[in-house]
Amino acid sequence: MRSRTRRSRQSQTCSMGGTSEYAGHRRTGTCSATRTGVQILATWGNVLIMLKREVMAVDEWHDIVPQDLVMMELPPHEGSVLSVVDMHTGGEPLRIILSGYPEVKGEGVLSKRRYVREHLDYLRRVLMFEPRGHYDMYGALVVESEIPEADLGVLFMHNEGYSTMCGHAVIALGRFAVDYKLVQEPRSPETQVNIHCPCGLVKAFVEYSNGKTGGVRFHSVPAFAFATDVIVAVPGHDEVTVDISYGGAFYAFVSAERFGLDINKSKTRDLVDAATAVTNSVKSQVKLHHPTSEDLAFLYGTILTDGKDAYSQEPTANMCVFADAQVDRSPTGSGVTARVALQYHKGLIQLNQTRTFQSGATGSLFTGKAVQDTTCGDFKAVVVEVAGRAHYTGVASFVQESDDKLKLGFLLK
C-alpha cells in the first residue's frame, strides 16, 4: 500500500456565515467554503462568488477578495445552486457536480448509490435532462468512500439511472482530482488517484509534468467473460448469437454486420435500434449474476463491433448503446475493459498486448490491454488497463425557479 498523507475533507466555517462541504454533503447559510480543493463557493446576496484558490484561514478571506474573485450575478431562484465542471473524454460528456447536492446517506458507495436513486433522483433529472442537459448527458457525483485507500468515491448517473462503472468518467475524474487537489501533491511523471466506483476500487494514473495534467490510464476491477455464444431471439432478426462480458458493468457484444450495418458508416439511429433490440432480448432471456453483489448483476447495454476481435495493431471499432438507448461518443472505458477480457478469454490476445479501440461515433481512440490474471468468484478474470484523454469544456451554476413547470427536466426521444 502506498505511503501517503491524507488530505482533510472537513468543512470550513466562513466568516460571512454558514458551512458547506463538497457535492453530496451539507450546504447551509449565505456563504460556503470547502477545504477539499474542489472549489470555494459563496453566495452573497444574489452574487455567486468563486474563489480561485483554497482559503487557508478565515481571516484570509478579506485579503483574497480583491485579486482572487470572479463575481457572477445569479438570476432569481429558490433552493440551492447546483455548480458543475463539464468535461469530455473522447467526445463523451461528463458533468462533475461540485456543490448543491443534499447530504448523501449510506455507509458505503453502493448504499449511497441506492440512497440517491431512492431519495434524490430528481436532481439527476435536473442536471442530466433538458433544458440543462440532453438525452445523452452523463454525470458524476463525488462522495466519501468507506475504503481507506480511496482518494474519492463516485456515483455515476445518466438518462436512466445510475451505473456501476464508467471508464470515460474515471479518465476525466483522474485529471479533475489532480487539478482540483483532491489527492496528495502531484508527482511526475504520473500521479496515482484511487477512485472508489460502485463496482470497486479503480486505480487511475494521471500524467503530470510542469504543473499540467495529461493523459490518464486506469486499472480495472477484475473483468471476465460471463458467457459466450449465447443465442437469443431478437424480434425482427430471428436468433442472434452474442457474448456477454463484465468490465465493471455487463455488456452484450455482437458484430454490427449481423444486422447488415457498418459500425463506422451506418446511421446512428439504425445502430441504436439494433443494439437496443439485443439489450431488451438479453435482459428478458438471460439471467445475470455477479459473485460479489447482486447490485452489479444487470445488463448495462449492448456494444456493436466491427467484428475484428483477433489481435491486430490496427484499431478495432465499436459503439456502445447503454441505459435508455444512450449512445456513448467514446470507445467506452468499461466496454473496452469487458471486450479485452472477452478477447483474452477466447485466446485472441495475450497479456500486455495493447489494442487500440475506436469509437464508431466520433473516431476517438482508447487503448486497452490485459495486464494481470486474477479471479472474481468462480470466474477466471483479468485486470485491464485502459488509457485515453479527457478535456475540460467549462463550468456552470444551475438554478431553479419555483414557477418553472419544467424545472425538473424533460427528455425528447
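Structure: see above.
Quick caveat, the model's predicted, so the values are computed rather than measured.

(A) Structural view of the overall build of the chain. Across its full length, the chain holds six helices and 23 strands. Counting only residues that meet the buried cut, the chain has 56% of its 413 residues in that class.

(B) Layout of the packing of aromatic side chains. If you walk through the whole model with that rule in mind, you get 13 aromatic pairs. Aromatic side chains Y246 and F250 sit 4.8 Å apart centroid to centroid with 55 degrees between the ring planes, which places their arrangement in the tilted category. The two residues Y246 and F250 agree in class, both being buried. Pairwise contacts between aromatic rings join Y138, F156, Y251, F253, F298, Y300 and F322 into one cluster. The ring of F205 carries the charged tip of R217 above its face, separated from the ring centre by 4.3 Å. Cation over ring: R258 sits above F259, and NZ or CZ is 5.9 Å from the ring centre.

(C) Local environment of the pattern of salt bridges. Enumeration according to the criterion identifies 14 salt bridges in this entry. Here D121 ties to R125 by a salt bridge, and the two come within 3.3 Å at their closest N and O atoms. One end of the pair is D121 and the other is R125, both in helix α3 (residues 121-128) and four residues apart, which spans about a single turn. Overall, the relative accessible area of 17% leaves D121 in the buried class. Exposure remark for R125: the relative accessible area of 26% places this residue in the partly exposed category. With a closest N to O distance of 3.0 Å, R339 and D309 form a salt bridge. Taken together, the positions of R339 in helix α6 (residues 333-345) and D309 in the loop between β17 (299-305) and β18 (316-322) put the pair 30 residues apart, joining distant regions of the chain. With a relative accessible area of 1%, R339 lands in the buried category. Residue classification places D309 among the partly exposed positions, given a relative accessible area of 24%.

(D) Molecular detail of the side chain of T332. By the secondary structure assignment, T332 is in the loop between β19 (326-327) and α6. Residue classification places T332 among the buried residues on the basis of a relative accessible area of 3%. A polar atom in the side chain of T332 sits 3.0 Å from the side chain of D328.

(E) Just the pairing of strand β14 (residues 224-234), in detail. Here β14 pairs with strand β15 (residues 238-246) via eight bridges, running antiparallel. Residue A227 lies in a different strand from β15, and its bridge partner there is I244.

(F) View of the environment of T374. Within the secondary structure, T374 sits in strand β21 (residues 365-376). For T374, a relative accessible area of 26% puts it in the partly exposed group. Beyond its immediate sequence surroundings of up to four residues, T374 is in contact with P222, F379, K380, A381, V382 and V383.

(G) Region of the structure containing unusual backbone geometry. With an omega dihedral of 5 degrees, the bond running from E130 to P131 counts as a cis peptide bond. With respect to the secondary-structure elements, P131 resides in the loop between α3 and β9 (139-143). Looking along the chain, the bond that leaves S188 and enters P189 is cis, with omega of 5 degrees. Look at A323: it is not a glycine, yet its phi comes out positive at around 50 degrees. According to the relative accessible area criterion, A323 is buried, its value standing at 12%.

What counts, and where the lines are drawn
- Here the residue numbers are simple positions, counted from 1 along each chain's written sequence.
- A pLDDT threshold of at least 70 governs which residues receive local features in this predicted model, and a stricter bar of 80 or more applies before side-chain atom pairs are shown or counted, although totals over entire chains, interfaces and linings include all residues.
- Side-chain numbers here rest on the full set of heavy atoms in the structure, without hydrogens or water.
- Counting from the N terminus, the helices are the DSSP runs of H or I reaching at least four residues and the strands are the DSSP runs of E reaching at least two.
- Here's how the labels work: a residue is buried when its accessible area is under 20% of the maximum for its type, exposed when over 50%, partly exposed in between, all with a 1.4 Å probe on protein chains only.
- Working definition: a ring pair exists when centres of Phe, Tyr or Trp rings (six-membered ring for Trp) sit within 6.5 Å. Plane angles under 30 degrees give stacked, over 60 give edge-to-face, the rest tilted.
- Lysine and arginine charges are scored as sitting over a ring when NZ or CZ, respectively, is within 6 Å of the ring centre and within 35 degrees of the ring normal.
- Any carboxyl oxygen of Asp or Glu within 4 Å of a side-chain nitrogen of Lys or Arg constitutes a salt bridge here.
- Two N or O atoms count as a polar contact when they lie within 3.5 Å, although within protein this holds only if one can serve as hydrogen donor and the other as acceptor, and sequence-adjacent residues are included solely when both atoms are side-chain atoms.
- Two strands qualify as a pair provided DSSP detects at least 2 bridges between them.
- Residue contacts are counted whenever heavy atoms from the two residues lie within 4.5 Å of one another.

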